[in-house]
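# Structural overview for review
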Amino acid sequence: MVSIKLPDGAVRTFDQPPTVTEVAMSIGPGLAKAALAGRVNGRLVDTSHRIESDVELAIVTDKDADGLEVIRHSTAHLLAFAVKSLFPEAQVTIGPVIDNGFYYDFSFKRPFTPEDLAAIEKKMAELAKQDLPVQREVWSRDKAVAFFKSIGEFYKAELIAAIPAGEDVSLYREGEFVDLCRGPHVPSTGRLKVFKLMKVAGAYWRGDSANEMLQRIYGTAWAKKEDQESYLHMLEEAEKRDHRRLGTQLDLFHIQDEAPGMVFWHPRGWAVWQQIEQYMRRIYRDNGYQEVRCPQILDRSLWERSGHWENYRDNMFTTASENRDYAVKPMNCPGHVQIFNKGLRSYRDLPLRYGEFGSCHRNEPSGSLHGIMRIRGFTQDDGHVFCTEDQILDECVAFTEVLQRVYKHFGFDQVIYKVATRPAKRVGADALWDKAEQALFESLRRSGCDYEVSPGDGAFYGPKIEYSLKDAIGRVWQCGTIQVDFNMPQRLGAEYVGEDNARHVPVMLHRAVLGSMERFIGILLENHAGALPTWLAPVQAVVLNISEHQAEYAQQVALNLQKSGFRVESDLRNEKITYKIREHSLQKLPYQIVIGDKEKAANLVAVRARGGEDLGQMSSDAFVEMLQRDCALAVSGHTA
RNA sequence: GCCGGGUUAGCUCAGUCGGUAGAGCAGCUGAUUUGUAAUCAGAAGGUCGGGGGUUCGAUUCCUCUACCCGGCACCA
């Protein structure tokens, strides 16, 4: 007698242990047909799973998030099946589910081409149509290793060999194809209807760059065709808001071959930058930071003392002069310590906070460069707080508050918090790590933030909080950070005189809100699809005359607006008004002012807002007030 | 750095199975003086990323190299 409790609370009893399918069937044939898997006491199982004892069971269908996972996982297997049937020499490795889809890594003697991908996708559709049953088998580990070796699947054999001896492993068989897998899987290949192969790319075996490179085929899979279509549509939209494309279209910046990973900022792009920098400068000032500026190039000996020369030599740009070696700074902290060290500090000076818009250069691997998101020459809104151990907590709480406020001002309401704890390779006593980690955890609790922990992801000198924001289309970007450092102050000889009249080494907190200015601007552009809020827009309004008769008046209007402190241009070209409006609309300007004879006669301006909204006629002063309100509201964080 | 794919006019992109290239938009010149997302016409614009090779001939084929794109690895 087995009794099974369903999600609605109903309990069904069975004389014989039933399978998930049988339970579903007892509820209704429609459900049995829709069942993809079962969830037994929270654990996912195949529909063929036999339930031997009293449990809670949910039938998983494609309406269930878990059901979609199963579909994607099974589609990855279908991909491997198709590849093996078209290219028997290819070896299979792993094929997990990822956001929106799955991938599968293969070892194959030649690269897969786009034509191969099309053929594989076609084969997958055929195999799905055959509706082959997907059956689970349990083998002993050693038998499985021997089997996979015998069929030339050496990667698979290696994976299984890593499983503890004596443990059984599960294999799934569909048609000719057998794969090691934890499961669960859909009951038959016919359940896989909506999928598409997306791209092929290289990926290291076991994620280690010392290993050989495999070929990874990415795919997407969905329960419903409409879901896939809307996903593909979303990708297209994301492509349209690519910051590199917008950078060109809006004439903000460019990058060229002679300076890989370094940005040429055009006037409009630099206007955006300056808005952000000036804003952050106020944030420094209002939160007890003093702005400083350090040299770009520092002698090698300093980098040796800081440890960078040893750890990051290959990633630093170096130069030499008169028998001395120098490095272009990859970080601002050693410079800030030099300022701290210039003079005898008292415990009464702490916490001492320095901020800098520090231009740094890191020789990033060529393959990692990406638009202005990952570059070699970047600028951090970088600050360092010198404090005592007892001050860490308060400083972290204060920093989190500032960061939340800033993100909100920029239009980001969702922040994700992670604490990265001690890595295996680290410096400093464990007692210090305990204290630092606890301070970070406690600070987030005090700030009322839910957080995740990334074990082992801290820097070698200390743990950190990583702050990520979520953008308008749901992508997550890590921007801010605060890191506790017990190490560098000591290495660079930072000291203060304590209450006890003895010398002590201060703790240093490394912190950034935006991270890299370049990257943050890239994120802003993608978030707003180039239509930056008025306070950030490089050009806030353009004044357009309808014909030459109003040119002088239009110019006067533009001049007045400029004098009121706004970034305003005039477009007096002899073109049709529709032509000008179209051009400036494509440039995504917040406002366009149309000046015709009527406006000129009445000493008014006609305002058109972004998106085509006609705000009607108003006086120039009223428009100035509108702009002021627009910017003030944005900066106080009440609206976007 | 690794695997794969790219690089053609200012921008977006065609094209040449090897015979020194084409469109739209922008820019220039002229006409048009215009009321809320493209007025018309004309002329002009390219060492087809760079080096080397094969060839009677290379933008096209081969090779090296730089950079870009997609992943992977890395990210103090």
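Overview of the structure. Numbers given to residues run from 1 along each chain, matching the order in which its sequence is written. By the order in which they are written, chains take letters starting at A while ligands take numbers starting at 1. In keeping with the model being predicted, local features are shown solely for residues with a pLDDT of at least 70 and side-chain atom pairs are shown and tallied solely at 80 or more, while totals for entire chains, interfaces and linings include all residues. Each side-chain value is derived from all of the structure's non-hydrogen atoms; neither hydrogens nor water enter the calculation.

### As for helix α6 (residues 154-161)
The complete set of buried residues in α6 reads Tyr-155, Lys-156, Ala-157, Leu-159 and Ile-160. Contact between two residues is taken to exist if any of their heavy atoms lie within 4.5 Å; hydrogens are not considered. Numbering of helices and strands runs from the N terminus; a helix is a DSSP stretch of H or I covering at least four residues, while a strand is a stretch of E covering at least two. Packed against the buried residues of α6 are β6 (91-92), β8 (101-107), α5 (141-150), β10 (168-174), β11 (177-180) and β13 (213-222). Type-normalised accessible area, obtained with a 1.4 Å probe on protein chains alone, sets the label of each residue: buried when under 20%, exposed when over 50%, and partly exposed for intermediate values.

### Looking at the packing of aromatic side chains
By convention here, two paired aromatic rings are described through the distance between centres and the angle between planes. Only the six-membered ring of Trp is used, alongside the rings of Phe and Tyr, when aromatic pairs are assigned; centres must lie within 6.5 Å, and planes under 30 degrees apart are stacked while those over 60 apart are edge-to-face, with the rest tilted. Following the criterion strictly, the structure yields 28 aromatic pairs and no others. On the numbers, 5.0 Å between centres and 65° between planes, the contact of Trp-139 with Phe-147 is edge-to-face. Between Tyr-284 and Tyr-289, the aromatic rings sit 5.6 Å apart at their centres with planes inclined by 45°, giving tilted as the arrangement. These aromatic residues form a ring-pair network of at least three members: Phe-87, Tyr-104, Phe-106, Phe-108 and Phe-112.

### Thoughts on the sheet that holds strand β9 (residues 134-140)
Reading across the sheet, the three strands line up as β9-β10-β11 and stay open at both edges, with antiparallel pairing between neighbours. Single-partner strands in this sheet number two, and they are β9 and β11. Within this sheet the neighbouring strands show an average axis-to-axis angle of 30°, counted without direction. In this scheme, strands are said to pair when DSSP sees at least two bridges between them. In the sheet, β9 pairs with β10 via seven bridges, with the strands oriented antiparallel. Residue Ser-140 lies in a different strand from β10, and its bridge partner there is Asp-168. In this analysis, axes come from line fits to C-alpha atoms, helices being fitted only over the stretch in contact, and the angle between any two N-to-C directions falls in the range 0 to 180 degrees. Of the strands in this sheet, β10 and β11 are in contact with helix α3 (residues 65-86), which crosses β11 at around 130°. Contacting β9, β10 and β11, α5 crosses the sheet at an angle of about 115° to β9.

### Details of the nonpolar core
Ranked by internal contacts, the top residues of the largest apolar core, which has 82 residues, are Ile-276, Val-406, Tyr-407, Phe-410 and Phe-623. Beyond its immediate sequence surroundings of up to four residues, Val-406 is in contact with Tyr-279, Met-280, Ile-283, Val-513 and Leu-514. Definition of nonpolar core: a set of buried residues of the types Ala, Val, Leu, Ile, Met, Phe, Trp, Tyr and Cys, connected through side-chain atoms within 4.5 Å. The next biggest cluster of nonpolar side chains, apart from the first, holds 33 residues, and it includes Ile-71, Phe-81, Ala-82 and Leu-127.

### Details of the packing of α5 against α6
Relative to each other, α5 and α6 sit at 165°, their axes nearing to 8 Å. On the basis of their axis angle, the class for α5 and α6 is roughly antiparallel. Two packed elements cross with a definite hand, and for α5 against α6 that hand is left-handed. Only Phe-154, Lys-156, Ala-157, Ile-160 and Ala-161 of α6 make contact with α5, whose side of the interface consists of Arg-141, Ala-144, Val-145, Phe-148 and Lys-149. Convention used here: angles under 35 degrees read as roughly parallel, angles over 145 as roughly antiparallel, angles from 65 to 115 as roughly perpendicular, and any remaining angle as oblique. Put simply, a crossing is left-handed when the front helix is turned counterclockwise from the back one by less than a right angle, and right-handed when it is turned clockwise.

So yeah, pure geometry; function would need other evidence.
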